[in-house]
Amino acid sequence: MTDVPHPTSIVHDEARVGSGVTIHAYAIIGRAEIGDGCVIHPHVVIADGVQLATNVEVFPGAFIGKEPKGAGAVAREIQFERTVSIGAGSSIGPHATVYYDVVIGERTLLGDCASVREQCRIGSRCIISRMVSINYNTVLGDRVKVMDGTHLTGDMVVEDDAFISALVVTLNDNVVTAGFGDHIAGPRVRAGAVVGGGATLMPGVVVGASSIVAAGAVVTRDVRDGTRVAGVPAKPF
């Protein structure tokens, strides 16, 4: 049995919609799979190939399954699969955008106006807060927290239980004029590390396990496991 969608919504004939699903006004659902107990709020767009597990809630204006386009201005070749998978009990905030070729684990929160680009993998029980942008091919482990307004660059890795505070900037290109190539390298934040508000992680740096980067620091070199660093450039203290 399926709840009757709102009469102003558009649900593709080939969509698979589970039982106890609520589809509100003006939602658009393509050839997607919507698990039992999901709630789809007004003006949500869910594209072909999207899979929502059970009890996922998608808030107004979110777009799941956006096709990435370079518009002729992007140096890298854009590659992606036309699928999205969102795990059970997750919540997708108002006006969030999830591109194609993204996997999000169970009970993960994606905040208001957050953006997740293609080829990203986000674990379970993560918090991706408001206005966070996650660029292409970035991997987040389980129980990762990323606070408001932070940018995670392409080709980055954030391991389990790491905490990244608000307004953190991460970079992956020291040779900006060279186009896209082997020199692209995102930072790696290892398990349990803490990155303070407003810090900057330069391309390719490794923030060691259980280390702490102080607020406002600029990390230009690797940080050893269990070390505290601060300053510009960041140094142990």
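Before reading on, note that the structure itself is shown above.
Residues numbered from 1 in each chain as written. Predicted model: local features only at pLDDT ≥ 70, side-chain atom pairs only at ≥ 80, totals over all residues. Heavy atoms only, no water.

Visitor: Even after reading the chapter, I still don't get the overall build of the chain, so can you show me in this structure?
Guide: Within the chain, the regular secondary structure consists of zero helices and 33 strands. For 237 residues, the compact-globule formula gives about 18 Å, and the C-alpha radius of gyration of the chain, at 19 Å, lands near that figure. Viewed in the frame of its principal axes, the chain has a C-alpha envelope of about 60 × 35 × 20 Å. Taken across its 237 residues, the chain has 43% of its residues classed as buried. Here the chain carries 19 positive and 24 negative side-chain charges, and the mean point of each set is 8 Å from the other. (Helix = DSSP H or I, 4+ residues; strand = E, 2+ residues; numbered from the N terminus. Rg over C-alpha atoms; globule rule 2.2 N^0.38 Å. Buried < 20%, exposed > 50% of the residue type's maximum accessible area, 1.4 Å probe, protein only. Lys, Arg positive; Asp, Glu negative; His and termini not counted. Charge placed at Lys NZ, Arg CZ, Asp CG, Glu CD.)

Visitor: In this structure, what is going on with the pairing of strand β10 (residues 63–66)? I would like to understand it.
Guide: Along any regular strand, the residues point their side chains to alternate faces of the sheet. Pairing of strand β7 (residues 45–46) with β10 involves two bridges; the strand directions are parallel. For Ile46, the partnering residue across the bridge sits in β10 and is Ile64. Pairing geometry for β10 and strand β13 (residues 97–99), over three bridges, is parallel. The residue bridging Lys66 from the neighbouring strand is Tyr99, located in β13. (Pairing = 2+ DSSP bridges.)

Visitor: It is not clear to me how the sheet that holds strand β29 (residues 206–207) should be interpreted in this structure. Could you clarify?
Guide: Paired through backbone hydrogen bonds, the strands of a sheet run either parallel or antiparallel to each other. Strand order across the open sheet formed by 10 strands is β2-β5-β8-β11-β14-β17-β20-β23-β26-β29, with parallel pairing between neighbours. A single partner strand is all that each edge strand has here, and the edge strands are β2 (16–17) and β29. By the bridge criterion, three bridges tie strand β8 (residues 50–52) to strand β11 (residues 84–86) in an arrangement that is parallel. In the strand pairing of β11, Val50 is matched with Val84.

Visitor: Could you clarify how one ought to interpret the side chain of Thr200 in this entry?
Guide: Here Thr200 is to be found in strand β28 (residues 200–201). Judged by relative accessible area, which is 18%, Thr200 ranks as buried. In contact with Thr200, other than residues within four places in its own chain, are Val169, Leu171, Ala217, Val218 and Val219. (Contact = heavy atoms within 4.5 Å.)

Visitor: Sorry, what's going on with the nonpolar core here?
Guide: Nonpolar side chains in soluble globular proteins tend to be buried together. The biggest cluster of nonpolar side chains holds 57 residues, and the ones touching the most others in it are Leu52 and Val189. For this core, the elements supplying multiple residues, two or more each, are β8, β11, β14 (102–104) and β17 (120–122). Ignoring sequence-local partners within four residues, the contact set of Val189 consists of Met156, Val157, Val158, Glu159, Ala162, Ile164, Val195, Leu201 and Val207. (Core = buried A, V, L, I, M, F, W, Y, C linked by side-chain atoms within 4.5 Å.)

Visitor: How should I be thinking about the pattern of salt bridges in this particular structure?
Guide: Any two side chains of opposite charge can pair, on the condition that their charged atoms come close. What the rule picks out here adds up to 11 salt bridges. With a closest N to O distance of 3.4 Å, Glu67 and Lys69 form a salt bridge. According to the relative accessible area criterion, Glu67 is partly exposed, its value standing at 30%. In this structure, Glu118 and Arg117 form a salt bridge, with 2.9 Å as the shortest nitrogen-oxygen distance. (Salt bridge = Lys/Arg side-chain N within 4 Å of Asp/Glu carboxyl O.)

Visitor: Would you mind showing me how to read the packing of aromatic side chains here?
Guide: Any pair of aromatic rings gets described here by the distance separating the centres and the angle formed by the planes. Within the structure shown, the criterion is met by one aromatic pair. Arranged with centres 6.1 Å apart and planes meeting at 10 degrees, the rings of Phe80 and Tyr100 form a pair that is stacked. Here Phe80, found in the loop between β10 and β11, pairs with Tyr100, found in the loop between β13 and β14; they are 20 residues apart in sequence, far enough to count as distant. Among the residues examined, Tyr100 registers a relative accessible area of 2% and is labelled buried. If you follow Arg117 out to its NZ or CZ, it ends over the ring of Tyr99, 4.4 Å from the centre. (Phe/Tyr/Trp six-rings, centres within 6.5 Å; stacked < 30°, edge-to-face > 60°. Lys NZ or Arg CZ within 6 Å of the ring centre and 35° of its normal.)

Visitor: Can you help me understand unusual backbone geometry in this one?
Guide: It is generally the case that most residues other than glycine have a negative phi and that most peptide bonds are trans. Between Val232 and Pro233 the backbone carries a cis peptide bond, its omega angle lying at -10 degrees. Secondary-structure assignment places Pro233 in the loop between β32 (228–230) and β33 (235–236). Unusually for a residue other than glycine, Arg125 sits at a positive phi of about 55 degrees. By the element assignment, Arg125 lies in the loop between β17 and β18 (127–128). Looking at Arg125, the relative accessible area reads 53%, which means it is exposed. Of note, the phi angle at Asp161 is positive, near 65 degrees, even though the residue is not glycine. As for its placement among the helices and strands, Asp161 is situated in the loop between β23 (157–158) and β24 (163–164).

Spatial relationships are all this shows, so hold off on functional conclusions.
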